[in-house]
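The primary structure of each chain is shown beneath.
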Amino acid sequence: MIHLLIYRSSRTSNHAHFKEKGTLMKPIRLALLCCFAWTCTADAGLQVNRLFSDHVVLQRQMRVPVWGTASPGAMVEVEFAGQSVRAVADKQGNWTAHLTPLTASSQGRQLSVKGDGASIVINDIVVGDVWIGSGQSNMAYAMCESEDGRVAMAKADHPMLRIFKRPAASGKQLVQWMPCTPREVEDFSAVAYFFGKHLHQRLDLPVGLIVRAVGGTTIERWVSPGSERRDEVLAASVAEAQRRKDEFGRFEVERTKYDKRNRPPPAVAQWLAEMANLSYYRYPTGGLYRRMIRPLQPFAVRGIIWYQGEFNNRPGQAQDYRHWQPVLIDGWRKDWGQDELPFLFVQMQVLGNATMPLLRESQLMTLLRCPRTAMAVICDESAGLHP
């Protein structure tokens, strides 16, 4: 077992810390998460966003948007916990209703949506805290692959800990909210599970977890598109990335001209080798944010947990990370409409190369610059690429 030492940063208080137990996890490589649809259909008219399925956890102590589609101009009524709120679908058929702040509750209740000649009933809804986990393979590691993960899974019956995922026996079903069970948590993020379990037991209230993580990805792919323009260093970095992307396109064509019998000239061979190590330039800035984070908005959440950095552990990128991470945090907060959205992240482990100290320093600088953040320090007991 390892201990995660977490330092909190805020505008009004000194740094505090506490310890939390995590699990030392073995490496695994995950493919890109499948894209999924975001609406739950009652008929061809009234629809509610897929995030509002049976067993959903609604965020306590803040306004809760509920949204979907209907015929343009249709009146939609949402009822939950004694509240009845209305919204009118706009010209594109989009509607959003807002529930007033809710009190935490483990009582499973119904939410109904009526309008456009139809109705939708969502069952077993509880109210607590909702957290989003994101990053690369560190966050994506499944419970079944983690060290002692199967031992922990056997005890993972927590009806008030809910996870947003594809059901274990789903076939072709879409992702939905599921109460945590040993079977359902098997392919779920181990980091997110232990984090959520701790909060659920310590706070004694329902906790919902949504994970959007992809192995082998840089932080640039997760920023809100356009956020980097507010930073001069990053603007130059993005321009360089675009140049490299164009060059990589030429590389893709050039390398098909050669094989074992027809080898390239030495200068070309060196260029091909260099470009092979720069394949990450193929991916656009903000691409994963568009596909995996933006569809979650404006779902009400308590905060974000972030575990990423190894794929930015490269010359130039490690130094730039002190610019990228604050820009990412600021962009996510703006898009969620929560200027003080808590953002917790893990500082990278110690690796034997020249750029990791720069990356770790960049993460520390983020902690010192950005309010309402916290950093888990794992250098004392980390091992391997993915502790």
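Source: prediction; values computed, not measured.

**Quick notes on the packing of helix α8 (residues 317-336) against helix α9 (residues 356-369)**
Item 1. Viewed as axis vectors pointing N to C, α8 and α9 meet at an angle of 30 degrees, and their least axial separation amounts to 7 Å. Crossing geometry of α8 relative to α9 is assigned as right-handed. Each of A318, Q319, Y321, R322, Q325, P326 and I329 in α8 lies in contact with α9, whose residues at this interface are L358, L359, E361, S362, Q363, M365, T366 and R369.
Item 2. Tallied by class, the residues present in the contact of α8 with α9 amount to seven nonpolar, five polar and three charged.

**A few points about the nonpolar core**
Item 1. Among the nonpolar cores identified, the biggest contains 101 residues, and L58, W95, L99, L111, F299 and W332 are the most heavily contacted of them.
Item 2. Ignoring sequence-local partners within four residues, the contact set of L111 consists of L58, V66, V78, E79, F80, L99, I120, V121, I122 and I125.

**Quick look at the side chain of S105**
Item 1. Along the chain, the position of S105 falls in strand β10 (residues 105-115).
Item 2. Once residues lying within four places of it in the same chain are set aside, the contact partners of S105 are V126, V127 and P206.

**Points about the side chain of R60**
Item 1. By the secondary structure assignment, R60 is in the loop between β5 (57-59) and β6 (64-69).
Item 2. The exposure class of R60 is buried, given its relative accessible area of 17%.
Item 3. Separated by 2.8 Å, the side chains of R60 and D129 make a polar contact.
Item 4. If we skip the residues at most four places from it in the chain, R60 touches L102, A104, V127, G128, D129, L203, L205 and R302.

**A look at the confidence of the model for the protein chain**
Item 1. The pLDDT averaged across the protein chain works out to 84; a share of 81% of its residues lies at or above 70.
Item 2. The low-confidence segment residues 1-43 (pLDDT under 50) makes 119 contacts with residues lying over four places distant or belonging to another chain.

Each value, and the rule that gives it
Numbers given to residues run from 1 along each chain, matching the order in which its sequence is written. Two thresholds apply to this predicted model, a pLDDT of at least 70 for residue-level local features and 80 or more for giving and counting side-chain atom pairs, whereas whole-chain, interface and lining totals are computed over all residues. No hydrogens and no water enter the side-chain calculation; it runs on all heavy atoms of the structure. To obtain an axis, a line is fitted to C-alpha atoms, over the contacting stretch when the element is a helix, and the angle between two such axes runs from 0 to 180 degrees between their N-to-C directions. The secondary structure listing takes helices from DSSP runs of H or I that are at least 4 residues long and strands from runs of E that are at least 2 residues long, numbered from the N terminus. Two helices crossing with the near one rotated counterclockwise from the far one by less than a right angle form a left-handed crossing, whereas a clockwise rotation gives a right-handed crossing. In this analysis, two residues are considered to be in contact whenever any of their non-hydrogen atoms come within 4.5 Å of each other. All amino acids are sorted into three groups, where Ala, Val, Leu, Ile, Met, Phe, Trp, Tyr, Cys and Pro are nonpolar, Asp, Glu, Lys and Arg are charged, and the leftover types, Gly among them, are polar. Put simply, a nonpolar core is a bunch of buried Ala, Val, Leu, Ile, Met, Phe, Trp, Tyr and Cys residues held in one set by side-chain atoms that sit within 4.5 Å of each other. Three labels apply to residues, based on accessible area from a 1.4 Å probe with only protein chains included: buried if under 20% of the type maximum, exposed if over 50%, partly exposed otherwise in between. Pairs of N or O atoms within 3.5 Å make up the polar contacts considered here, provided that, within protein, one atom can donate a hydrogen while the other can accept it, and that residues adjacent in sequence are counted only when both atoms are side-chain atoms. Residue-level confidence of the predictor is what pLDDT reports, using numbers from 0 through 100.

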